[in-house]
Amino acid sequence: MTWISIGALAIGCYFFKAVGVFAGRHIRLSGVGGHALSNLTPAVLSGLIMVQTFDGGGTLAIGAVTAGVAAGGIAACARLPFPVVLICASAVTAVLRLL
């Protein structure tokens, strides 16, 4: 990616941000649209987590990171505090990398 591409993408992002600020005063989403957008953020974040966990450069990679994410998910489902979830996930990943 070239610096021109990065600059063009940055300008485009700021343009859409500015349009959103000015248009947000006059345009309101319907209930369905607002509900869809509120569900979009967790879906995109989940997709990014899956890609970062299982992508091994074009192949399926299952290893220490996968086990750490699974341990963090189990800890989160057990409703443990967030710092405990992070410590659990990183500890499992670190121990498996040492083996």
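Residues numbered from 1 in each chain as written. Predicted model: local features only at pLDDT ≥ 70, side-chain atom pairs only at ≥ 80, totals over all residues. Heavy atoms only, no water.

Broken down by element type, the chain carries four helices and zero strands. In the chain, the succession of α and β elements from N to C terminus is α-α-α-α. A compact globule built from 99 residues should have a C-alpha radius of gyration of about 13 Å, whereas the chain, at 19 Å, is more than 25% larger. Overall, the chain is about 55 × 40 × 25 Å in size when its C-alpha atoms are taken along their principal axes. Every one of the 99 residues in the chain was classed for burial, and the buried ones make up 10%. (Helix = DSSP H or I, 4+ residues; strand = E, 2+ residues; numbered from the N terminus. Rg over C-alpha atoms; globule rule 2.2 N^0.38 Å. Buried < 20%, exposed > 50% of the residue type's maximum accessible area, 1.4 Å probe, protein only.)

Below, the discussion takes up the side chain of Thr-53. Residue position: Thr-53 is located in helix H2 (residues 31-54). By relative accessible area, Thr-53 is classed as buried at 9%. Setting aside chain neighbours within four positions, we find Thr-53 in contact with Ala-61, Val-65, Thr-66 and Val-69. (Contact = heavy atoms within 4.5 Å.)

Contact pair helix H3 (residues 64-77) / helix H4 (residues 82-98): the axes reach a minimum separation of 8 Å and the direction vectors enclose 155°. Relative to H4, the element H3 lies roughly antiparallel. Seen along the crossing, H3 lies across H4 with a hand that is right-handed. Contacts between H3 and H4 involve Ala-64, Val-65, Ala-67, Gly-68, Ala-71, Gly-72, Ala-75 and Ala-76 on the former and, on the latter, Val-85, Cys-88, Ala-89, Val-92, Thr-93, Leu-96 and Arg-97. Taken together, the residues of the contact of H3 with H4 sort by class into 11 nonpolar, three polar and one charged. (Axes fitted to C-alpha atoms, helices over the stretch in contact; angles between N-to-C directions. Parallel < 35°, antiparallel > 145°, perpendicular 65-115°, else oblique. Left-handed = near helix turned anticlockwise from the far one by under 90°. Nonpolar A, V, L, I, M, F, W, Y, C, P; charged D, E, K, R; others polar.)

Moving on, we get to the environment of Gly-47. Here Gly-47 lies in helix H2. For the pair Gly-47 and Ser-90, spaced 43 residues apart in sequence, the C-alpha to C-alpha distance is 20 Å.

Another aspect to go through is the state of the cysteines. Taken as a whole and assessed by the stated rule, the structure comprises zero disulfides. Here Cys-88 is not disulfide-linked; the sulfur of Cys-77 is the nearest cysteine sulfur, at 12 Å. (Disulfide = S-S within 2.5 Å.)

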